[in-house]
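Each chain, letter by letter, is given below.
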Amino acid sequence: MSSANGHAKRSEKGLLTQDNCVVTLIDHQPQMLFGTGYPDRESIINHTVALAKATRVFDVPVVLTTVETQSFSGNMWPQLRAVFPKQTPIERSSMNAWDDQNFVPRSGDRSKKDRPGWAVDRSMHRLPTVQAIHDGYEIYVVEDCCGDISRLAHDTR
């Protein structure tokens, strides 16, 4: 495995490293949990915070984004903000994060097709996931950080 700047690069076996991926945390806000029935809200929060802390340990870039904090969704969860106290979330007015030019460039260069990305995705965020795949990104959904209205909806998405 080669290295640059003291960090490991993607290995021949395709492992993700801080040099070839980004974690996106999309709309982790109180109102977005309102309709979630499975898994329970506390588990979703705890799993998301654990993922966020892992990004800090492994020095993985993270993009935080929120939607309509003042008029509808509320601020990002305080537990998550505590992990990234110096990082300001990208505030959007559109539900589709991929449509926001402030989100996409910070998620990585769209023209670099070999850069994988991780999307922490809930049911309403399928559009940016589909669009990122269309633009050539590999997307890894962290299921433990996702919620839906029911177990059936969660298992079939």
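Look up: the structure comes first, before these words.
All of the points below concern the structure found in this document.

Each value, and the rule that gives it
Residues numbered from 1 in each chain as written. Predicted model: local features only at pLDDT ≥ 70, side-chain atom pairs only at ≥ 80, totals over all residues. Heavy atoms only, no water. Salt bridge = Lys/Arg side-chain N within 4 Å of Asp/Glu carboxyl O. Helix = DSSP H or I, 4+ residues; strand = E, 2+ residues; numbered from the N terminus. Buried < 20%, exposed > 50% of the residue type's maximum accessible area, 1.4 Å probe, protein only. Phe/Tyr/Trp six-rings, centres within 6.5 Å; stacked < 30°, edge-to-face > 60°. Arc of directions from axis to C-beta. Polar contact = N/O pair within 3.5 Å; in protein donor to acceptor, adjacent residues only side chain to side chain.

**Re the pattern of salt bridges**
Part 1: Considering all chains together, one arrives at 1 salt bridge under this definition.
Part 2: For arginine 92, the salt bridge is made with aspartate 27, and the minimal N-O distance between the two is 2.8 Å. Here the residue arginine 92 occupies a position in strand E5 (residues 90-92), and aspartate 27 occupies one in the loop between strand E3 (23-26) and helix H1 (30-33), the gap between them amounting to 65 residues.
Part 3: For arginine 92, a relative accessible area of 2% translates into the label buried.

**Quick word on the packing of aromatic side chains**
Part 1: What the rule picks out here adds up to 1 aromatic pair.
Part 2: Ring centres 5.6 Å apart and planes at 80 degrees place the aromatic pair tryptophan 98 and tyrosine 137 in the edge-to-face group. A residue pair is termed long-range when its members are at least 10 positions apart, and tryptophan 98 in the loop between E5 and strand E6 (117-120) and tyrosine 137 in the loop between helix H5 (126-134) and strand E7 (139-141) qualify at 39 residues. One exposure class covers both tryptophan 98 and tyrosine 137, and it is buried.

**Overview of H5**
Part 1: Regarding H5, the residues found buried are Pro128, Thr129 and Ala132. Each buried residue of H5 lies within a common arc of 100 degrees when the element is viewed along its axis, so the set occupies one face. In H5, the exposed residues that point more than 90 degrees away from the buried face are Leu127, Val130 and His134.
Part 2: One or two steps after H5, the chain reaches glycine 136, where phi turns positive at roughly 100 degrees.

**Thoughts on the side chain of aspartate 135**
Part 1: In this structure, aspartate 135 sits in the loop between H5 and E7.
Part 2: Polar side-chain contacts of aspartate 135 include one of 3.0 Å to the side chain of tryptophan 98.

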